[in-house]
Each structure stands twice: as C-alpha cells, then as structure tokens.
Amino acid sequence: MTAPEPEFTGTQSGAVPLYGRRFVEDTDELYREMRRDHGPVVPVLLEGGEPAWLVIGYREAHRVLTDSQLFARDPYRCHGPEYVPPQNLGYLPGILMFLDGPVHARRAGAVSAALAEVDQFELRADCERFSDRLIDVFATAGEADLIEQYAYHMPVLVMGSLLGLPDSELVAFADDMKKMNDGREEAIEAFGRYVVRMTSLLASKREWPGADVTSHMIANATDVTDEELIQDLLVVLSGGQENTAHWIGNTLRLMLTDDRFSLTLSGGRRSVGQALNEVMWEASPVKTAPARWAVRETQLGGRTIRAGDVVVVGPAGANTDPRIRPDAHGDAAGNHAHLGFGTGEHGCPHPAPELAQVMAQTAVEVLLDRLPDVRLAVPEHELEWRPAFHIRGLSALPVRFRPTHVVGG
C-alpha cells in the first residue's frame, strides 16, 4: 500500500524550516519558539521543502520512540518502492537504524553482544591514554581548540582501538566520519573511503580474529553479509564517535561559559558523571533523532499525523520540555530518563550508553586534571555550531591555559 505524499493544510500551516542559520546557530531558542507557537508537535519543512513533523514534547517523543508498530524506521512499510526519503534524513537502505522487526532485532542483538565483551576497566585505561596523548600535542602551547584537537578525536581513537583499526588510519578516519555526518558534498567520497577501510578490516579479522568488537561482531552475526556488517559498524562508530565527542564538547562549553555549571562542577558538589547527565538534559548533543514514518493515521500532541508522514524526534527539545522539567535549572543529576540515547527497540544498544559514559567522563576528568586553569579564548557569542542536521555541537572551542608538561601518554 502506497501512502499519499504528506502536505500541510489548515492547522498544519506555518511550517518552520528545519534548516538554515537559525536551526544551526540558535537551536535552543528556535525550539522554545516552536513550543510556544505550535506546542509539542511542530509542522516543519526539511531541506528541499519536504514537509515533516518535529516532536519536541517529552511524552510525545517517548511515544514515538517506543511504538515501533505505529512509527516505523523503515519508510517502505508505508510507502511504495518509488518513494525517495528526504535526503537530509540520512536514510540508507538496509542500514541498522532504518530496519524494523526480526531483522533489526537480530542485527542489533549482534551489536549488543559484541559491545558487551568490552572490558570497561581496560576501556577507561585506553581513554586515559588517548586523552593524555591528545593533550600532550598542545600542552606546552598554552592554547588549543578543544573540539578539533581533543573532544572530536578522543572517541574515535578509543573506538578505533575497540574495533581493531590501525592507529595510522584513525585521524583520516575521524575526518571522514565528520564529513559523512555533516552531510556535505564530500560525504559521498568519505563514505566510499569508509567502505574500503571496513572491507579491509573485516578481511583481516576473519583471518586473524582478536579480542576486539569487530571480531566479536563477526562471531555473533547470523546470516549477515559483509556489506551489512560494514553498515552495522558504521552505526557503532557514528554513535560512539559523533555523539560522544559533542557530549564532551558541550560539557566543556558549559564549564567555560556557565558560571553555575562551572561552580558546581569544580566545587566538588557533583561528580563529572553527574554533570554529564545534566548536559544530556540541558545541552543534548542529539539535535534530532533518525526519522520515523507513520504507518497509519494517528493523533499526536493534538495533531493529526497521516499515514506516511515523516516524524522526527528532537531530543534536545524534548529533554527541556517544561511539562516534565518546570525548573529549567533544576537538579537533574540523579535523573537518567533523558532521551539522549533514545529508548525502545531502536534506542542505543546495551551497553553502548555505559561505554559512552566512560569515554566522556574520562575525557573531562583528564582535561580538568591536566589543565585546571583552562579558559575560553574568545567571547562566547563568537562560538560557531556545526552545520549538522542530527548533531548539536560546536565547530571549535578555542581556549587558553598555563602551558604544562608532556606526560608521554
């Protein structure tokens, strides 16, 4: 059955562009205006003019994320074969995040089983080693870009170690991951290079398996082709690198620009882990989650969602919903019900959130230990955000500090 192409009429008029300068630079304020003017479910236009719904209400977002029978990740459950998903949604046929049902459960289960083999004590040691190695590069300079030189590269070094990628490929690999997630013209070429690297990695691990995530995924995969394994590894890498990098980056930004956050963090009244949890509520690195498609007509947040409509959850908006957090600066340290890792069968597979927490917490702790006097090098209003659809993170975070010694990590 082919669903009709969605269109906005009547109460659905006044769709808000989900692209352009404001969406990139002023997402938080834009989401607040959307909530004020439209409520928890907002009619939006994707780049190219395609209509969609953005869900920024916490309860409504939770419903979409947990009801996979009504809100499909696979658009072809409600569209015919001629349907072309909007380009900036990042849809790729057969990729894990856009599968539903038993096929998704089987492949996601293999990912979870492989990640469960990671020793978290060894992971933390790797995180400390790579964090020190990155800081050593700029420690004596007294200045650095904490996104490009630290937060963005630390997770990919760690993920490379977990997957078994050669150290010599990691920097170029991180750059390609960034190009793919930014979705610019270079993304296609970057994806081609990714496929070549992963094809070589799979061949190597089939011949010489080790105690790495790639080898465990090969061992746990059932009826999965190499192409599908490459796609599943992309999901693991993208989530582990992109989201974690900007979780670190957003935490450092708040530490350097928000006196309240900096005081509570440095004053010892909360741990780095608690501070990271607060960042997920107040400055989530996940601006929009992968899209869903409505399988049949339904009501959501007072809106009529038609069969086939594109539905995009905005965790950065849902987590700040005043209906569940009336005090915007209330203590969220002990509340882990944020939607930064998603929820439901398409949420981040266990134990990915725990591994990301180890990476982010270690990165912040090591930086605070090594550079206790770090300070922002430019006015806050000059900080620029990455032009990404899914990610809410800075392009750069320039800082200054007292030059320090190299530890040789």
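Cut-off values and rules
- Residues numbered from 1 in each chain as written.
- Predicted model: local features only at pLDDT ≥ 70, side-chain atom pairs only at ≥ 80, totals over all residues.
- Heavy atoms only, no water.
- Pairing = 2+ DSSP bridges.
- Helix = DSSP H or I, 4+ residues; strand = E, 2+ residues; numbered from the N terminus.
- Phe/Tyr/Trp six-rings, centres within 6.5 Å; stacked < 30°, edge-to-face > 60°.
- Buried < 20%, exposed > 50% of the residue type's maximum accessible area, 1.4 Å probe, protein only.
- Lys NZ or Arg CZ within 6 Å of the ring centre and 35° of its normal.
- pLDDT = per-residue confidence, 0-100.
- Contact = heavy atoms within 4.5 Å.
- Core = buried A, V, L, I, M, F, W, Y, C linked by side-chain atoms within 4.5 Å.
- Axes fitted to C-alpha atoms, helices over the stretch in contact; angles between N-to-C directions.

J.: Describe the sheet that holds strand E10 (residues 375–376), listing the residues and the values that go with them.
T.: Taken in spatial order, the three strands make up an open sheet running E5-E11-E10, and their pairing is antiparallel. Pairing within the sheet leaves two strands with one partner each, and these edge strands are strand E5 (143–145) and E10. Pairing geometry for E5 and strand E11 (residues 398–400), over three bridges, is antiparallel. By the bridge assignment for E11, Ala144 is matched with Val399.

J.: Quick one: what's the story with the packing of aromatic side chains, residue by residue and with numbers?
T.: On inspection of all chains with the given rule, the structure shows 10 aromatic pairs. Aromatic side chains Phe98 and Trp293 sit 6.3 Å apart centroid to centroid with 65 degrees between the ring planes, which places their arrangement in the edge-to-face category. Separated by 195 residues along the polypeptide, Phe98 in the loop between strand E4 (71–72) and helix H4 (101–115) and Trp293 in strand E6 (residues 292–294) bring together distant segments of the chain. With relative accessibility at 2%, the residue Phe98 sits in the buried group. One aromatic cluster in this structure is built from Tyr76, Tyr83, Tyr91, Phe98 and Trp293. Above the ring of Phe130, the side-chain terminus of Arg129 is found at 4.4 Å from the ring centroid.

J.: Tell me about the confidence of the model for the chain, and name the residues and values.
T.: Per-residue confidence for the chain averages 89 on the pLDDT scale, and 91% of its residues sit at or above 70. Scored below 50 in pLDDT, residues 1–11 makes 29 contacts in the model with residues more than four places away or belonging to other chains.

J.: Describe the nonpolar core, with residues and values.
T.: Counting residues in hydrophobic clusters, the biggest one holds 105 residues, and the most contacted among them are Met34, Leu146 and Tyr150. With 13 residues, helix H11 (residues 226–257) is the single largest residue contributor to this core. Every residue in contact with Tyr150, bar those within four places of it in the chain, is listed here: Ser131, Leu134, Ile135, Phe138, Asp145, Leu252, Ala363, Val366 and Leu367. Counting 18 residues, the second-largest nonpolar core is a separate cluster that includes Ala289, Leu300, Val311 and Val313.

J.: Can you tell me about the sheet that holds E6, naming the residues and giving the values?
T.: Strand order in the open sheet made by the six strands is E1-E2-E3-E9-E6-E4, with mixed pairing throughout. With one partner strand each, in any of the chains shown, strand E1 (16–17) and E4 form the two edges of the open sheet. Sheet topology places strand E2 (residues 41–45) next to strand E3 (residues 51–55); five bridges connect them, and they run antiparallel. From the neighbouring strand, Leu45 faces E3, where its bridge partner is Pro51. Against the sheet, helix H2 (residues 27–38) makes contact with E1, E2 and E3, and its axis sits at roughly 115 degrees relative to E2, the strand it touches most. The strands touched by helix H3 (residues 58–66) are E2, E3, E4, E6 and strand E9 (310–313); relative to E9, the strand with the most contacts, the crossing angle is about 115 degrees.

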